[in-house]
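Descriptive analysis of the structure
Listed below are the residues making up each chain.
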Amino acid sequence: MSSSKRKNLTPVQQQYQDFARAREPQRPLVINCIRAFIVGGIICTIGQGIQLFFSTYFNFDEKTAGDPTVAILILISVILTSLGLYDHIAQWGGAGSAVPVTGFANTITSASLDHKSEGFVLGVGGNMFKIAGPVIVFGVFSAFIVAIVKVIITSLGGM
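Structure report, in brief.

About the thresholds
- Residues numbered from 1 in each chain as written.
- Predicted model: local features only at pLDDT ≥ 70, side-chain atom pairs only at ≥ 80, totals over all residues.
- Heavy atoms only, no water.
- Axes fitted to C-alpha atoms, helices over the stretch in contact; angles between N-to-C directions.
- Helix = DSSP H or I, 4+ residues; strand = E, 2+ residues; numbered from the N terminus.
- Parallel < 35°, antiparallel > 145°, perpendicular 65-115°, else oblique.
- Left-handed = near helix turned anticlockwise from the far one by under 90°.
- Contact = heavy atoms within 4.5 Å.
- Nonpolar A, V, L, I, M, F, W, Y, C, P; charged D, E, K, R; others polar.
- 1 Å grid on protein atoms, 1.4 Å probe; cavity = no way out; pocket = protein on both sides within 12 Å on 5 of 7 lines; lining within 4 Å.
- Points joined across faces, edges and corners; volume = space filled by probe spheres on them.

One way to put it is that helix 4 (residues 66–82) packs onto helix 6 (residues 100–114) with a least axis distance of 8 Å and a crossing angle of 40°. Put simply, helix 4 runs oblique to helix 6. Of the two possible hands of crossing, helix 4 and helix 6 adopt the one that is right-handed. Residue-level contacts link Val70, Leu73, Ile74, Ser77, Val78, Thr81 and Ser82 of helix 4 to Val101, Thr102, Ala105, Asn106, Thr109, Ser110 and Leu113 of helix 6. Across the contact of helix 4 with helix 6, the residue classes break down as seven nonpolar, seven polar and no charged.

Set out below in structure tokens:
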């Protein structure tokens, strides 16, 4: 806690903060990093294997094999989330399970499953896009900014 925030606390609140901090269990940082590395590495290795499969058996090149690979990874993530297995993987592997495609699919699927009793439109659709909406908006906005920068650089004779 920063010293400026600590100054705003009453003496009793400061004592409680000290009490809580002393009893907080230490997190095994190195082990958590190793677990995240293992889980993230396995997910990426599976993705690489799927991409190699499409390149070998369906004559995709390296770039075009990416689209079906992402679709399969999303499907695997959705199935594992629906079966309740992805949560166990995420609990053990921590940040390694948040590899962008599978982590995002897990987040959206979890939100959908949690609110399915409210119906498909207001429950599943409405709550699923509470999570996905900001990510999509940020992605579109970022792409727009990058496109503007590229147009400016190109018009100035670059690239």
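Quantified by volume, the largest pocket comes out at close to 160 Å³. If you trace the largest pocket, you find it lined by Val39, Ile42, Ile43, Ile46, Leu73, Ile76, Ser77, Leu80, Tyr86, Ile89 and Thr102. Listing elements by their share of the lining of the largest pocket, those giving two or more residues are helix 3 (29–57), helix 4 and helix 5 (85–93).

Such coordinate-based values are descriptive only and should not be taken to indicate function.
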